[in-house]
Structure formats: structure tokens, C-alpha cells
Amino acid sequence: MGPYLYDSHCHLSPYCLAVDGLGSTIDNDSSVCQMALMSTNHFDMELVLQLARSSASSQVIIPCIGVHPWYSHLFAANGTVSHEDHYLGVIKSSESISPSFLQKLPAPVSFPSHMTRMEQQITKLLQDGSRKVVIVGEIGIDKLFRIPWSGFLGNTEARYNKTGDNDKDNENNNSDTKILTTVPPLSPYRVSMDHQLYIFKEQLALAWRTQLPISVHCVKAHGLIYDTIMEFITSNKKHAPTTTIPAICLHSYTGSVDSAKRWVSKKTREKLGKKTKVFFSFSKVLNCPDSDISEQGTGSDISKQIIASDTSKPGTDSDASKPGTNSGSLKNCYSKSETEFIKLVQMLPEDTILIETDLSIDKYYNGTNQSQHSCDLQAVLRQICNIKGWSLDQGTTVLNDNWNKFKGEA
Ligand SMILES: [Zn+2]
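Residues numbered from 1 in each chain as written. Predicted model: local features only at pLDDT ≥ 70, side-chain atom pairs only at ≥ 80, totals over all residues.

In the annotation of an unreviewed UniProt entry, the protein chain is listed under the name Endodeoxyribonuclease and assigned to Saccharomycopsis crataegensis.

Shown next as C-alpha cells:
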């Protein structure tokens, strides 16, 4: 047995349509003791809930309920708005929006209704008594993301035409996987920052009401995310001083050392109060791409590839780079920031660091890659231990303590 390992942020692949059997595979084969399984939209939320409820995996899977910024355009603040008015209102583009693209977008989902459903599900999960924690995630802001031409990541015919015929479903799955092992073509269209902020703030309010930790996605908006969260917590504290969001995880953190310093400063900690802890989570794919473990076989997440192919300079809050420049491999993008990553980990207080994969667990466990999950986590663990000058045992202890603190269990 290797060290006790957890994954503070993982997913189902955007093309995963069913999780039957996955729970027991995880229960039997995983050397990862706990995984925070993020939902990103109304489709995968149902799968996350199914896995969390399956008795086999209920101790391993921590359900995370939220709407990711990459799916924010699918939700409407006003449930009665027309299809066209909604999408023309939330999509930002310097060019006019192609009618054939608009047609691919599904009927918008009322966000207030979806919020109610999320809150009900959270309450139910917590009431069943077997779990103490649910996480609000993945939520956040992304200044670089562009909507795929398909309308959203994971938009497949199979999603709408479930026949119950297994063979047919499998066929669909396979062809999807074949087509989409590369980055799906991206449109020049972005989701307006106003709309992303609306979706994000509503979910901060959800975390506040349920007093649950959050797992936050942020790309090129590190100043904005800091201001938004700080403003939300400090203004709400005025009315309800004993309530709070107990933990904030800035997952796969790609901000600058200076942005991170702001989060861990005395001033910020005072403003947040003792009851709110801030964590930075690191993954092999984004944060330590040059680590020595082979990447073969993990089927590295499509979502990560989108970020990687679009991110030239992690760490700045600058405006999104020109659309259409899809250059650079994962390694090239991040090799420049390798020294930045080392500086960051050196600077961070030891009680703020978490580890994650940000990858799809169905890919790990539906094939022969089970052991790859713990290998990927160990790669980050070792990298952090090297930078901090910790022994593996010491690092494991510290990072596990942090995980328990994040969940509010320490
Ligand atoms: Zn994620």
C-alpha cells in the first residue's frame, strides 16, 4: 500500500453518459481513499449523485454539486426568456453569431430552478447521515474559455437519444471517444463576464446557506475572483457574523505568486475570519507537467487540453488573448511557469496545499488504468515534497491533515 491518497478535484469525462458499475470498480480497485467528484452541469450532476448514492462507492466519492463556467451559457437567469434572446444576451462576440451555431444550443435551463434542485440534493445527501461533507463545485470564472462549435463540451446526439439499447449506446460512446480525443473545435464566442459572475455569485450564496466548502476554477481572472469572493464574504458577514463558507479551494491554481500572497496575507485572513480556510490545489497535468511519470494511458482530459492549447501565459489577469491562436502544447505552455510553480509552492504556508488530478475517473476505472490514478497523485505529492524539502511520509501527513481541514473534519 502506498501512502494514503485523496483526490481533491476530479471529474467524469464530458462524454460519460452512464456510471453503472463504476462505483463497485472504484470500491474494489482504488488505492485512492477519497475523491471529490465535481459536477459541472445538470447532466453530470445526476451521474455524480448516482455514484454518491451507490453503496459501493459512497465512502470514496465526495459529491460536488455545481455549475462550471464552461456551461454557464446553458443556464438562464430568467426561466421564461426565449432561446434566442437568452443566448444572444449571454454570448459575447465581436462577430455576429452564426444561426447554425445557435441552433446547436439546447433550450436554456432556468438557473433559479436548477439552484433549487442543487440545494435540495445537497440537503438530501447530508441528511442521509452517512456523509458529513458535500462540496459546492466546480464553480468559477474563466476569461479565456471559448464555447465549442458543438454548443458545449460533451454535446452528443447520444445525450438526447438514449434508447436503453446498450449496444447502441456503446457504439455512440465509442465513436464519440474516437472523434473527441483531440480538442473539439472552438468557436470565437465567449460567455459574458456578467453572466459568469451571476452564475458564480449565486453559487457562492448556495455555499453560504449550506455552509459548505467550495472548489473554484479560475483562468486569467485571479484579481476578479479574489475581489468577488472577498466582497461576498465580508458583506454577508455583516448580517450573519457566525455564518461563513468554511473552505475555499483554488483548484489547479495557475495564478501568480503575488496573487497567492494576497490570499494568504494576514489582512485577508483577518477579513475572512478564522472559520474560513483557503487552499491551493495542484495537479500533475496543469502544475507539474514535466514530472517523470509517464502520461501514457490516462487519456488526459479534453478540458485540460482546451485550457492548455489556449493559455500562453498563466498567472496574469490580463485580457484574454486573441481568439484563434491555438498554439503550444501542454509542456510548452507551462514549462515557462515551472520556476513560478516552484516559487509558489515555496511561498505557500504548508497548511494551504492540496493535491488533485482534475482528470476523469471513468477513464481511470473503466479501463486498465486504475493504478494510474494513484500514480498521478503521487507525482504531485513527490513534486511538492521535493520543493518543500519534506520526506514522503512528512508530506503525506501534512497534505492529509490539509484534506481533513478542507472537509472540516480536523
Ligand atoms: Zn475541474
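Once that is clear, we can look at the sheet that holds strand S3 (residues 61-65). Read from one edge of the open sheet, 8 strands run S1-S2-S3-S7-S9-S10-S11-S12, paired in parallel fashion. Whereas interior strands pair on both sides, the edge strands pair on one side only; in this sheet they are strand S1 (5-10) and strand S12 (353-356). Looking at each pair of strands side by side, their axes are set apart by 25° on average, direction ignored. Sheet strands touched by helix H2 (residues 42-53): strand S2 (32-38) and S3. Its angle to S3, the strand with the most contacts, is close to 150°. (Pairing = 2+ DSSP bridges. Helix = DSSP H or I, 4+ residues; strand = E, 2+ residues; numbered from the N terminus. Axes fitted to C-alpha atoms, helices over the stretch in contact; angles between N-to-C directions. Contact = placed C-beta atoms within 7 Å.)

With 5 of 5 residues buried, S3 lies mostly within the body of the structure. The side-chain alternation of S3 yields two buried faces, one formed by Ile61, Pro63 and Ile65 and the other by Ile62 and Cys64. Judged from the 4 bridges that link them, S2 and S3 form a sheet pairing that is parallel. Bridge assignment links Leu37 to a residue of S3, and that residue is Pro63. (Buried ≥ 20, exposed ≤ 12 C-beta atoms within 10 Å, placed from the backbone.)

The next point concerns helix H17 (residues 370-388). Between its terminal C-alpha atoms H17 stretches 28 Å, which fits the 27 Å expected from 19 residues at 1.5 Å a residue. Downstream of H17 by one or two residues, Gly389 has phi in the positive range, about 70°. (Expected span 1.5 Å × (residues − 1).)

Here we come to the pairing of S12. Two faces belong to every sheet, and in a regular strand the side chains alternate between them. Across the two faces of S12 the burial is the same, with Ile353 and Ile355 and Leu354 and Glu356 all buried. Inspection of the sheet shows strand S11 (residues 277-283) paired to S12 by 4 bridges, in the parallel sense. Counted as the bridge partner of Ser281 is Leu354 from S12.

Looking now at helix H9 (residues 222-239). With 18 residues, H9 should reach 26 Å at 1.5 Å per residue; the first-to-last C-alpha distance of 27 Å fits that figure. In this fold, the buried residues of H9 make contact with strand S7 (135-142), helix H8 (193-210), strand S9 (214-219), strand S10 (247-250) and helix H10 (257-264).

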